[in-house]
Amino acid sequence: MRKLTNDQEVVQAAGANIGELIDDLEKAFPGIKERLCDQDGNVRRFVNIFINDEDIRFMEDKATAVKAGDEVSIVPAIAGG
Amino acid sequence: MDKNLSPYFTHLKCRECGRKYPKEAVHVCDFDFGPLEATYDYDAVRATLTRKVIEARPESMWRYRELLPIDGEPTVGTQVGFTPLVKADRLAQRLGVRELYIKNDTVNYPTLSFKDRVVSVALSRAREMGFKVVACASTGNLANSVAANAASAGLKSYVLIPADLEQGKVLGSLVYGTNVIGIHGAYDQVNRLCSEIAGKYGWGFVNVNLRPYYAEGSKSMGFEIAEQLGWKLPCHTVVPMASGSLLTKISKSYKEFQLLGLIDANQRYAIHGAQAAGCAPISGAFKRGTDIVKPVQKPDTIAKSLAIGTPADGYYAIHAMRLTGGAAEDCTDEEIVEGIRLLAESEGIFAETAGGVTVACARKLIETGKISADESTVLCITGNGLKTQEAIIGKCGEPRLIKPSLREFEELIAREVTAEAAA
């Protein structure tokens, strides 16, 4: 994922919700949005987004609200057992 | 061409967009983060792999080596697999079907679960790639297998598990000298942590950066079923689902054998998935008629081995079931225990909770007509009951206690004979 952000592990972004956050990231790192979202603008099947350690799929997906100081992690999905 | 490279296993490929990747320790597509899957030159395999060739090889999962993703000879887990396919006439009668088999991985070598199959591939490949430390995120069986196989291969290992797993599974990792890290959280949180660790350390996480290799090992269960049935497929296969990976790989194994002409390409078959009601994200989505799997935030079931709330192969498992005309089912904790006992009492096979789930869900699939009574069925029983004893404590009766006296014994037997006659 860091290739998308010039190898930076942590970046800053702003937005009222996850969807807006991704649009903001797109301004700083053009091309990142189409990697994270499909044509309908929904987060891709294999992208996990956590806001303060909570999975947004347990919340409101891309409509999940974001506030200043929140820590958002974008991690590829994996599983096993 | 490097003569040490397999001419059969050619590259990795994204399951979402199809982009190709080299045979390295990568597991995720750069473009859309889709999972990468091992891909083969089936024409080359077809030229080499015939029934006769397979039948002449030792009885292990590696008799199908052209279809497993390593370059050289396997160096870890060379004796894994080729577990018994048991014809289960007494269980068949109890369930009201004509022809039933148990694929019995409760006795898989060396750690008594199907995970030895995936670990054998992953660690053989890890060795080829030069990894010195291997690791995994696990609900129990995978940790046992990584710990044991790493020990036998002289590899250092770390296994990360939820801290509240069954004692048998915890001890069954510790004893091998692995580094066990118990996380205060559910499996999904362990998983997420491991994906972050794998990005930072140079470790071979079998179900993270080595996942495309690891996952292919499950195909061997399907290959064996086909071969042991006499080079044909069962009409119905019931598979327990945690991440959904095993079900998708059994589906792939059947397709590959048909593609290679090893079995009849026209034979229809259905693959059904089984989950516990307390954590049934895949079954839930299937029953709602969708392929969008809503995660289960707090899995709550005695089937801890299947307690994955966010199954990454859920989407593919749903499609495999739909495409083959199969169905998903789930069952209560009570039904799981009944399933364990039924299998043990009718066939003498003691399965862990995931096995109880499979039997209980098979019963439901039969009762609802998804499995016809006169069509052949295989139940995939994936792990040994000694590892999840907590699930059945107090549920199988107790020993009758007497003093070492012949009189007391005879009185006991006489009482039981009378009770039996009255019943």
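Quick notes on the rules
Residues numbered from 1 in each chain as written. Chains lettered and ligands numbered in written order. Predicted model: local features only at pLDDT ≥ 70, side-chain atom pairs only at ≥ 80, totals over all residues. Pairing = 2+ DSSP bridges. Helix = DSSP H or I, 4+ residues; strand = E, 2+ residues; numbered from the N terminus. Contact = placed C-beta atoms within 7 Å. Nonpolar A, V, L, I, M, F, W, Y, C, P; charged D, E, K, R; others polar. Expected span 1.5 Å × (residues − 1). pLDDT = per-residue confidence, 0-100. Core = buried A, V, L, I, M, F, W, Y, C linked by C-beta atoms within 7 Å. Buried ≥ 20, exposed ≤ 12 C-beta atoms within 10 Å, placed from the backbone. Domains from an automatic or database assignment. Arc of directions from axis to C-beta. Right-handed = clockwise from strand over helix to strand, strands pointing away. Axes fitted to C-alpha atoms, helices over the stretch in contact; angles between N-to-C directions. Parallel < 35°, antiparallel > 145°, perpendicular 65-115°, else oblique. Left-handed = near helix turned anticlockwise from the far one by under 90°.

Participant: Lay out the pairing of strand β1 (residues 47–51) of chain A with the relevant residues and their values.
Facilitator: Residues and elements named next belong to chain A. Of the strand pairs in this sheet, β1 and strand β3 (residues 72–76) are connected by five bridges, and their pairing is antiparallel. From the neighbouring strand, isoleucine 51 faces β3, where its bridge partner is valine 72. Across two bridges, β1 lies against strand β2 (residues 54–55) in antiparallel orientation. Bridged to phenylalanine 50 within β2 is aspartate 55. Once β1 ends, the chain turns through two residues before running back antiparallel as β2, passing asparagine 52 with a positive phi of about 50 degrees.

Participant: Break down the interface of chain A and chain B for me, with residues and values.
Facilitator: How big an interface is tends to be stated in terms of the accessible area lost upon association of its parts. Taken together, the contact between chain A and chain B spans 16 residues of the former and 32 residues of the latter. Residue composition of the side of chain A that touches chain B, by class: eight nonpolar, two polar and six charged.

Participant: Any chance you could break down helix α13 (residues 333–347) of chain B for me, citing the residues and the numbers?
Facilitator: All names here are of chain B. A rise of 1.5 Å per residue sets the reference length of α13, with its 15 residues, at 21 Å; its end C-alpha atoms lie 21 Å apart and thus fit the reference within 8%. Considering only its buried residues, α13 is in contact with β4 (85–87), α3 (89–95), β5 (100–104), β11 (270–276), β12 (328–331) and α14 (353–367). At the C-terminal side of α13, glycine 348 shows a positive phi close to 70 degrees.

Participant: Summarise the confidence of the model for chain A; cite the residues concerned and give the values.
Facilitator: Here chain A averages 88 in pLDDT, while 95% of its residues score no lower than 70. Summarising per-element confidence for chain A, the mean pLDDT is lowest in β2(A) (86) and highest in helix α1 (residues 18–28) of chain A (95).

Participant: Give me the nonpolar core: which residues, what numbers.
Facilitator: Residue and element names in this part refer to chain B. Counting 143 residues, the largest nonpolar core has Ala122, Val134, Val146, Val159, Leu306 and Val357 as the members making the most contacts within it. The element contributing the most residues to this core is α14, with eight residues. Structurally, this core is a two-domain feature, drawing no fewer than three residues from each of domain 1 (9–78 + 115–215) and domain 2 (85–111 + 218–391). With sequence-adjacent residues up to four places away left out, alanine 122 is seen in contact with Val206, Leu210, Tyr213 and Tyr214.

Participant: So what's going on with the domain arrangement of chain B? Residues and values would help.
Facilitator: All names here are of chain B. Entries for chain B in the domain assignment read domain 1 (9–78 + 115–215) and domain 2 (85–111 + 218–391). Taking only C-alpha atoms, the centre of domain 1 and the centre of domain 2 are 21 Å apart. Taken together, the contact between domain 1 and domain 2 spans 29 residues of the former and 33 residues of the latter. Residue composition of the side of domain 1 that touches domain 2, by class: 14 nonpolar, seven polar and eight charged.

Participant: Could you give me a rundown of helix α6 (residues 167–174) of chain B, with the residues and numbers involved?
Facilitator: All names here are of chain B. Residues of α6 that are buried include every one of Lys169, Val170, Gly172 and Ser173, and no others. Each buried residue of α6 sits inside an arc of 165 degrees when the element is viewed along its axis, so together they form one side. Structural note: α6 exposes Gln167 and Leu171 on the side pointing more than 90 degrees away from its buried face. Elements in contact with the buried residues of α6: α5 (141–153), β7 (156–162) and β8 (179–183).

Participant: Provide a residue-level description of the pairing of strand β10 (residues 236–240) of chain B, including the pertinent values.
Facilitator: Residues and elements named next belong to chain B. Most of β10 is tucked away, with five of its five residues classed as buried. Here β10 shows no split at all, with His236, Val238 and Pro240 on one side and Thr237 and Val239 on the other all buried. Where β10 meets β11, five bridges bridge the pair, whose relative direction is parallel. In the strand pairing of β11, threonine 237 is matched with isoleucine 271. Since β10 and β11 lie parallel, the crossover through helix α10 (residues 245–259) that links them has a hand, and here it is right-handed. Inspection of the sheet shows β10 paired to strand β13 (residues 377–381) by three bridges, in the parallel sense. Across the sheet, the residue bridging to threonine 237 is valine 378, located in β13.

Participant: I'd like a description of the sheet that holds strand β6 (residues 133–137) of chain B, backed by residues and values.
Facilitator: All names here are of chain B. Spatially, β8-β7-β6-β9 is the arrangement adopted by the four strands of the open sheet, whose pairing is parallel. A single partner strand is all that each edge strand has here, and the edge strands are β8 and β9 (204–205). Examined bridge by bridge, β7 and β8 share five bridges and lie parallel to one another. Bridge pairing in β8 places leucine 160 opposite isoleucine 181. Contacting β6 and β7, α5 runs over the sheet at an angle of about 170 degrees to β7. Sheet contacts for helix α7 (residues 187–200): β6, β7, β8 and β9; angle to β7, the most-contacted strand, approximately 145 degrees.

Participant: Lay out the sheet that holds β3(A) in plain terms, naming residues and giving numbers.
Facilitator: One open sheet holds the three strands; their spatial order is β2-β1-β3 (chain A), and the pairing between them is antiparallel. Since the sheet does not close on itself, it has two edges, and those belong to β2 and β3 of chain A, each with one partner.

Participant: Residue-level account of the packing of α10(B) against helix α12 (residues 314–324) of chain B, with values.
Facilitator: Between two packed helices, what matters for the description is the angle formed by their axes and the separation of those axes. Residue and element names in this part refer to chain B. Relative orientation of the contacting elements α10 and α12 amounts to 45 degrees, with a least axis distance of 8 Å. The orientation of α10 relative to α12 falls into the category oblique. Relative to α12, α10 is oriented so that their crossing is left-handed. Residue-level inspection shows Leu247, Thr248 and Ser251 of α10 in contact with α12, the latter providing Tyr316, Ala317, Ala320 and Thr324.

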